[in-house]
Amino acid sequence: MNQDQTKQLLGQAAAKAILPLMDPETFIGVGTGSTANYFIDALADVRHLFAGAVASSVASADRLKAHNILVISLNESGPLSVYVDGADEIAPDFSMIKGGGGALTREKIVAAAAEHFICIADQTKWVSRLGRFPLPIEVIPMARSSIARKLVGFGGTPVLRENFITDNGNEILDVHDLTIDEPVKFESMLNDIPGVVTNGLFALRPADQLIMDDAGDIHHYQPGQR
């Protein structure tokens, strides 16, 4: 089974897992990225069971609309019953690094509005400690250099993501060479840097459930189970 086939199975498993949380008035949060795309595709078969979706990016909104799924803003939906998204890395406490696709700010906003957060990820994303994947940080452009200097002070190597502007009109620094032993503390520390819009650590609001493949089978995990 190749990686795309695995991601498709993960997306289908997530669509099945949220069925008990759906009703005709329910709006669900939908993430961004290749694995989330398969989840969106799987939602097409059950779109009559929920009211619509809040998307974490323009790309996801467009894909949802292509399946005739109603997309509304978070301001219109109110609290969400569930948010489903992938990860670039996920650790045993279900803290994550996200934002490889550049949608980290909207992903974090939608995740924070959901009662339940399901992460869908193939086993290559599992790590014992976060930091192997470069940490994305969305920054206000005028503050990019000053933020980069502070990140160097933390032991990181920040690299501007070239030719990329977020859906919010900002830039991204991808920070390499970080050792993240205390993700909750580090996430808060990064948030306090003037000019940082969002960082890609999802530790203050980690996933509540992980759906991941293992030896070709799809398994559902709670924190501490894997």
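Everything below is about the structure shown above.
Residues numbered from 1 in each chain as written. Predicted model: local features only at pLDDT ≥ 70, side-chain atom pairs only at ≥ 80, totals over all residues. Heavy atoms only, no water.

## What to know about the sheet that holds strand β4 (residues 89–90)
Pairing within the open sheet is antiparallel, and its three strands lie in the order β4-β5-β11. Strands at the two margins of the open sheet, each flanked by one partner only, are β4 and β11 (201–202). (Pairing = 2+ DSSP bridges. Helix = DSSP H or I, 4+ residues; strand = E, 2+ residues; numbered from the N terminus.)

## Considering the packing of helix α2 (residues 34–43) against helix α3 (residues 58–66)
Two packed helices can be described by the angle between their axes and the distance between those axes. Contact pair α2 / α3: the axes reach a minimum separation of 9 Å and the direction vectors enclose 25 degrees. Judged by the angle between their axes, α2 and α3 are roughly parallel. The two elements α2 and α3 meet at a crossing, and its hand is right-handed. Along its contact with α2, which presents Asn37, Ile40, Asp41 and Leu43, the element α3 presents Ser60, Arg63 and Leu64. Counted by class, the contact of α2 with α3 contains three nonpolar, two polar and two charged residues. (Axes fitted to C-alpha atoms, helices over the stretch in contact; angles between N-to-C directions. Parallel < 35°, antiparallel > 145°, perpendicular 65-115°, else oblique. Left-handed = near helix turned anticlockwise from the far one by under 90°. Contact = heavy atoms within 4.5 Å. Nonpolar A, V, L, I, M, F, W, Y, C, P; charged D, E, K, R; others polar.)

## With respect to the pattern of salt bridges
The tally for this structure, following the rule as stated, stands at 10 salt bridges. Measuring nitrogen to oxygen at the nearest pair gives 3.0 Å for the salt bridge that ties Lys108 to Glu187. Here Lys108, found in helix α5 (residues 104–112), pairs with Glu187, found in helix α7 (residues 183–191); they are 79 residues apart in sequence, far enough to count as distant. Accessibility assignment for this pair places Lys108 and Glu187 in one class, buried. One connected set of salt bridges, linked through shared partners, spans Asp85, Lys98 and Glu107. (Salt bridge = Lys/Arg side-chain N within 4 Å of Asp/Glu carboxyl O. Buried < 20%, exposed > 50% of the residue type's maximum accessible area, 1.4 Å probe, protein only.)

## Focus on unusual backbone geometry
The residue Phe94 is not glycine, and still its phi comes out positive at about 70 degrees. Among the structural elements, Phe94 can be located in the loop between β4 and β5 (96–97). The exposure class of Phe94 is buried, given its relative accessible area of 0%. The residue Asn163 is not glycine, and still its phi comes out positive at about 55 degrees. A relative accessible area of 84% places Asn163 in the exposed class.

## Comments concerning the side chain of Lys125
Tracing the chain through its elements places Lys125 in the loop between β6 (117–121) and β7 (135–139). Other than its neighbours up to four places away in sequence, Lys125 contacts Ala87, Asp88, Glu89 and Ile90.

## A short note on the sheet that holds strand β9 (residues 171–176)
In space, the four strands of this open sheet follow the order β8-β9-β7-β10, with antiparallel pairing throughout. Since the sheet does not close on itself, it has two edges, and those belong to β8 (157–160) and β10 (196–199), each with one partner. This sheet shows a mean twist of 30 degrees between the axes of neighbouring strands, independent of strand direction. Where β7 and β10 come together, three bridges link them in antiparallel fashion. Looking at the pairing, Ile137 lines up with Asn199 of β10. Packed onto the sheet, α5 meets β7, β9 and β10 and runs at close to 70 degrees relative to β10.

That's the geometry; what it means functionally is another story.
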